[in-house]
Amino acid sequence: MNPYAKLITSLSLLLGTTITISSNHWMMAWTGLEINTLAIIPLISKSHHPRAIEAAIKYFLVQAAASTLILFSSTINAWHTGQWDLTQLTHPTSCLLLTTAIAMKLGLVPFHFWFPEVLQGSSLTTALLLSTVMKFPPITILYMSSHSLNPTLLTTMAIASAALGGWMGLNQTQIRKILAFSSISHLGWMSIIIIYDPKLTLLTFYLYSLMTATVFLILNTTKTMKLSTIMISWTKTPMLNATLMLALLSLAGLPPLTGFLPKWLIIHELTKQEMTVAATVIAMLSLLGLFFYLRLAYYSTITLPPNSTNHMKQWHINKLTNTPIAIIASLSMLLLPLSPMILISV
């Protein structure tokens, strides 16, 4: 990709995200989302492979439909109340439309159909952007309008997302699709708590982004795309694969790793809100996700292929990504002891 084109798309992504997260007016928030959508499309389709072009078209159509719904929702609300403020969404139809639109933007069930396909058609770095940076503006809109959302609809979609994310990830062999269903499952955890404790949703999103970035950067370094190649990568980079295993277990939410913190806090908050049944169901559904994370971890470190490659193990890789991987991998595993400090700030 042309360096100037890459610079323009990167700056547009930054601009779009900044506009959305700092705006109070619905039109500005919508503008930021549109800039983001248009900026990521060249990055998805840059390989010119038919799969990438298909992914870009699917992404564009879904995001355009979601943006239209956001505009429609805010217009109806302005028509009835005279308010264009993000926090003043009070009309019931507008609230319902906004919940649906943000669910489409994020890829919550039943609007999840596009997300695994788009991730599968993208490169690993673009897939990382789609899983983390592109989710930030819609999560911010949810955060700003959390008091006006439809609780029943949101809880239903959240539990369905946790169920489907875990269930559909079980039989996948492509790592990007597994991580896409993992993302859908995590979004279910974020959505169920947004009405009761919006700051906890943001904390969950930050920690999820940290862990997902670790996994994607390691996969990008080892050039691993599917389960059959992750087995061979152990013989090349044992230290990176050991780190990948810990990052995956952190994503699964096993103590004493960082990923346990958001799940623990969400279950605690749901119990305080007398939603014990929802907390029990979503905790049980996380076991589905645990199964495929364990399978990935098993393939990455414990399983050796019968015909392993006969060359020297690379204990040191001469790449610039080493330092970022080291920093975010440490954070994605070791933040649990800092939980009292995080709880005070939240």
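Residues numbered from 1 in each chain as written. Predicted model: local features only at pLDDT ≥ 70, side-chain atom pairs only at ≥ 80, totals over all residues. Heavy atoms only, no water.

Some details on helix H1 (residues 3–22)
Working step 1: Helix length check: H1, at 20 residues, gives a terminal C-alpha distance of 28 Å against a target of 28 Å (1.5 Å per residue), a fit within 8%.
Working step 2: Among the residues making up H1, those that are buried are Thr9, Leu13, Gly16, Thr17, Ile19 and Thr20. Each buried residue of H1 lies within a common arc of 160° when the element is viewed along its axis, so the set occupies one face. Every exposed residue of H1 that faces more than 90 degrees away from the buried side is listed here: Pro3, Tyr4, Ile8, Leu14 and Ser22.
Working step 3: Against the buried residues of H1 lie helix H2 (26–44), helix H6 (124–131) and helix H7 (136–144). (Helix = DSSP H or I, 4+ residues; strand = E, 2+ residues; numbered from the N terminus. Expected span 1.5 Å × (residues − 1). Buried < 20%, exposed > 50% of the residue type's maximum accessible area, 1.4 Å probe, protein only. Arc of directions from axis to C-beta. Contact = heavy atoms within 4.5 Å.)

Digging into unusual backbone geometry
Working step 1: For the bond from Val109 to Pro110, the omega torsion is 5°, close enough to zero to count as cis.
Working step 2: Its place among the elements puts Pro110 in the loop between helix H4 (92–106) and helix H5 (114–121).
Working step 3: Cis geometry marks the peptide bond from Pro255 to Pro256; its omega dihedral reads 10°.
Working step 4: The topology assignment puts Pro256 in the loop between helix H12 (238–252) and helix H13 (260–272).
Working step 5: In this structure, His48 takes a positive phi of about 60° despite not being glycine.
Working step 6: The backbone phi angle of Glu274 is positive, close to 60°, even though this residue is not glycine.
Working step 7: Structurally, Glu274 is set in the loop between H13 and helix H14 (276–302).
Working step 8: Taking the relative accessible area as the measure of exposure, Glu274 reaches 74% and is therefore exposed.

Some thoughts on the domain arrangement of the protein chain
Working step 1: Partitioning the protein chain into domains gives domain 1 (1–122) and domain 2 (150–345).
Working step 2: Taken together, the two surfaces of domain 1 and domain 2 that pack against each other cover about 1,600 Å², and 71% of this comes from carbon and sulfur.
Working step 3: The largest contributions to the domain 1 side of the interface with domain 2 come from Leu108, Val109 and Gln120, which together make up 36% of the buried area.
Working step 4: Taken together, domain 1 and domain 2 are joined by one salt bridge.
Working step 5: A salt bridge links Lys177 to Glu117; its shortest N-O distance comes to 3.4 Å. (Domains from an automatic or database assignment. Buried area = accessible area lost by both parts, 1.4 Å probe. Salt bridge = Lys/Arg side-chain N within 4 Å of Asp/Glu carboxyl O.)

Description of the packing of H4 against helix H8 (residues 151–168)
Working step 1: Two elements in contact, H4 and H8, have axes separated by 10 Å at closest approach and are oriented at 20°. The angle between the axes of H4 and H8 places the two elements in the roughly parallel class. Crossing geometry of H4 relative to H8 is assigned as right-handed. Across the interface between the two elements, Leu96, Thr99, Thr100 and Ala103 of H4 pack against Leu153, Leu154 and Met157 of H8.
Working step 2: Of the residues contributing to the contact of H4 with H8, the split by class is five nonpolar, two polar and no charged. (Axes fitted to C-alpha atoms, helices over the stretch in contact; angles between N-to-C directions. Parallel < 35°, antiparallel > 145°, perpendicular 65-115°, else oblique. Left-handed = near helix turned anticlockwise from the far one by under 90°. Nonpolar A, V, L, I, M, F, W, Y, C, P; charged D, E, K, R; others polar.)

Some words on the environment of Pro262
Working step 1: On the secondary structure map, Pro262 appears in helix H13.
Working step 2: For Pro262, a relative accessible area of 5% translates into the label buried.

Concerning the side chain of Ser300
Working step 1: Take Ser300: it is sitting in helix H14.
Working step 2: Taking relative accessible area as the criterion, Ser300 reaches 0% and is therefore assigned buried.
Working step 3: For Ser300, the contacting residues outside a window of four places in its chain are Ile230, Trp234, Asn241, Leu244 and Met245.

Describing a nonpolar patch on the surface
Working step 1: Taken together, the side chains of Leu38, Ile53, Ile57, Phe60 and Leu61 define a hydrophobic patch exposed on the protein surface, amounting to about 470 Å² of accessible area.
Working step 2: By the secondary structure assignment, Ile57 is in helix H3 (residues 50–81).
Working step 3: Here Ile57 falls in the partly exposed class, since its relative accessible area comes to 49%. (Patch = residues over 30% accessible without salt bridge, like charges linked within 9 Å, V, L, I, M, F, W, Y side chains within 5 Å. Areas by Shrake-Rupley, 256 points an atom, 1.4 Å probe, with all protein chains shown as cover.)

Looking at H13
Working step 1: Helix length check: H13 (13 residues) gives 18 Å between terminal C-alpha atoms against 18 Å at 1.5 Å per residue, within 8%.
Working step 2: Among all positions of H13, only Leu261, Pro262, Lys263, Leu265, Ile266, Glu269 and Leu270 are buried.
Working step 3: With its phi angle positive at about 60°, Glu274 sits one or two positions after the end of H13.

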